[in-house]
Amino acid sequence: MTPRSGDPLVERMRPYTSSIFAEMSARAVATGAINLGQGFPDTDGPAEVIEAAVDALRAGHNQYPPGAGIPELRAAVADHQRRHYGMDLDPADEVLITMGASEAIASAVLAMCGPGDEVLTFEPWFDLYAAAITLSGATRRCVPLRQPDWSFDPEELRRAVTPATRLLLLNSPHNPTGKVFRADELAMIAELCVERDLIAVTDEVYEHLTFDGRAHLPLATFPGMADRTLTVSSAGKTFSVTGWKVGWASGPVPLVRATRTVKQNLSYSGGTPFQHAVAAALALPDAVTAGLRESLQSKRDRLCAGLRSAGFQVIEPEGTYFVTVDVRSVGQDDGMQFCRDLPERAGVVAIPDSVFYDDAGAGRSLVRFACCKRDDVIDDAMGRLARAFPT
Ligand SMILES: Cc1ncc(COP(=O)(O)O)c(C=O)c1O
């Protein structure tokens, strides 16, 4: 076989060719099913944020922004971190604007990990982590989050750190489980990072989407962590503008500089008008994010109630866009098959949690529904499920 006749994709990326999100979204279109699979809202973000983007386009902010992002947005991110979490960042060299949190995470992993290194994360994991770690040549090591409260065993986490562990990748609030890591859990993780000299990269894209009064606590604010944590977030989830892909990473200069070196050789920079709009969004009164959070919490409640009345056992999330059910409660045990059948059976699309696990058995019966949809869409979907699964 000549090099050009086989699959040109590098061997290590072959496990990542298919995307369950693409498959399920295509099935939603083909069957007319309601798509509660992929996590994006079906309404626009705040009108003033959209207007700020239009204004930026009209004001001629249409060329490359600086590689690290426009100064206004870097300052707005530093101010946001100070206002919400008391963190002290220099916007000049401790904040980096990226093409979504995705680019920040991938750049950080590619910048700081390579063959022979291990990256520690919790399972289930957001799919991008697995691919980014593989792309870097490093090895993924996972510690399970277990139901019913998605807790982890601190000893298991301790044991998972080896001399090769370079970086811990933490997502809180957590997709897909909806777990918001508690202060005692974060304190334990922080102690471990300090003790074993690990770098932490934290994915906090759902930082403002926590429910029932729970506070989001950045790992970087725990003792010893400010100097070893790259904190990542983005505007997509907070302001319901997932397609804008404006994200950021902040932290100590060496981590930001390393991440920036990879980032500037991937996209370099982009999204100038959206960077201006997100700077305006971050400067809005906190009541705006509080309003979005409350609205999402009521959607969470609506979706959970609908799923329960259709007979599903619901694992109620503490934050994020997602609600998990165990399909054993409706007499099935294979979430993948359940999701493949669901568009035809009920006219609804959901995502099997098994795609977020190395140990597919662990998440086999779990299925994720997105709650970030209009109330009438949620009601329609729940009516369909109730008819398809009469109790
Ligand atoms: C946990 C998590 N991290 C990162 C992202 C991607 O963020 P962005 O769209 O800003 O790249 C998502 C999107 O679904 C997510 O759920």
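These notes cover the structure that comes with them.

1. With respect to the sheet that holds strand β5 (residues 165-171)
With mixed pairing, seven strands are arranged side by side in an open sheet as β2-β8-β7-β6-β5-β3-β4. The two strands at the open ends of the sheet, each matched to only one other strand, are β2 (95-99) and β4 (139-144). On average, adjacent strands in this sheet sit at an angle of 25° to one another, irrespective of strand direction. Note: β2 against strand β8 (residues 246-250), five bridges, orientation antiparallel. Counterpart to isoleucine 97 in the pairing with β8 is tryptophan 248. Strands in contact with helix α5 (residues 127-136) are β3 (118-123), β4, β5 and β6 (199-203); relative to β4, the strand with the most contacts, it is inclined by about 150°. Packed on one face of the sheet, helix α7 (residues 183-195) meets β3, β5 and β6 and runs near 165° to β5.

2. Quick look at the pairing of β3
For β3, the tally of buried residues reaches six of six residues, placing the bulk of the element in the interior. Strand direction decides the pairing type here: β3 and β4, joined by six bridges, are parallel. Along β4, the bridge assignment pairs leucine 120 with arginine 141. The β-α-β motif built from β3, the intervening α5 and the parallel element β4 has right-handed crossover chirality. One ladder, built from four bridges, connects β3 with β5; its direction is parallel. If you follow leucine 120 over to β5, its bridge partner there is leucine 168.

3. What about the nonpolar core?
The biggest cluster of nonpolar side chains holds 97 residues, and the ones touching the most others in it are Ile189, Leu307, Phe312, Phe369 and Leu385. Considering each element in turn, this core owes the most residues, seven residues, to helix α4 (residues 100-112). Once residues within four sequence positions are removed from consideration, phenylalanine 312 is found in contact with Leu307, Val325, Val327, Ser329, Val330, Phe338, Leu385 and Phe389. Core analysis: the second largest hydrophobic core is formed by 24 residues, Val77, Ala235, Val241 and Val246 among them.

4. Looking at the environment of valine 348
Along the chain, valine 348 turns up in strand β11 (residues 348-349). If we ignore the near neighbours within four places in the chain, the residues touching valine 348 are Ala33, Ile34, Leu36, Leu342, Pro343, Phe369, Ala381, Arg384 and Leu385.

5. Let's talk about the sheet that holds strand β13 (residues 366-370)
Taking strand neighbours across the sheet as the criterion, the four strands line up as β9-β10-β13-β12 in an open arrangement whose pairing is antiparallel. Edge positions in the open sheet fall to β9 (313-315) and β12 (351-352), since each of these has one partner strand only. The sheet contact formed by β12 and β13 spans two bridges and is antiparallel. Of the residues in β13, the one forming a bridge with isoleucine 351 is arginine 368. Running over the sheet, helix α11 (residues 286-309) touches β9, β10 (322-326) and β13 and is turned about 15° from β10.

6. Thoughts on helix α9 (residues 253-263)
Three or more residues of α9 are buried, namely Leu255, Val256, Thr259, Val262 and Lys263. Viewed end-on, α9 has its buried residues packed into an arc of 125°, placing them on one side of the element. Among the exposed residues of α9, those oriented more than 90 degrees off its buried face are Pro254 and Arg257. Its buried side turned inward, α9 meets β2, α4, β6, β7 (229-234) and β8.

7. Here we look at the site of the ligand
Within the structure, the ligand sits among Gly100, Ala101, Ser102, Phe126, Asn171, Asn175, Asp203, Val205, Tyr206, Ser234, Lys237 and Lys245. Contacts to the ligand include alanine 101, whose backbone N or O atom sits 2.8 Å from an oxygen atom. In this structure, an oxygen atom belonging to the ligand sits 2.7 Å away from a side-chain N or O atom of lysine 237. Judged by the proximity of its atoms to the pocket grid, the ligand belongs to the largest pocket.

Analysis parameters
Residues numbered from 1 in each chain as written. Predicted model: local features only at pLDDT ≥ 70, side-chain atom pairs only at ≥ 80, totals over all residues. Heavy atoms only, no water. Pairing = 2+ DSSP bridges. Helix = DSSP H or I, 4+ residues; strand = E, 2+ residues; numbered from the N terminus. Axes fitted to C-alpha atoms, helices over the stretch in contact; angles between N-to-C directions. Contact = heavy atoms within 4.5 Å. Buried < 20%, exposed > 50% of the residue type's maximum accessible area, 1.4 Å probe, protein only. Right-handed = clockwise from strand over helix to strand, strands pointing away. Core = buried A, V, L, I, M, F, W, Y, C linked by side-chain atoms within 4.5 Å. Arc of directions from axis to C-beta. Near = heavy atom within 4 Å. Polar contact = N/O pair within 3.5 Å; in protein donor to acceptor, adjacent residues only side chain to side chain. 1 Å grid on protein atoms, 1.4 Å probe; cavity = no way out; pocket = protein on both sides within 12 Å on 5 of 7 lines; lining within 4 Å. Sits in = over half its atoms within 2 Å of the grid points.

Remember, this is a structural readout, not a statement about activity or role.
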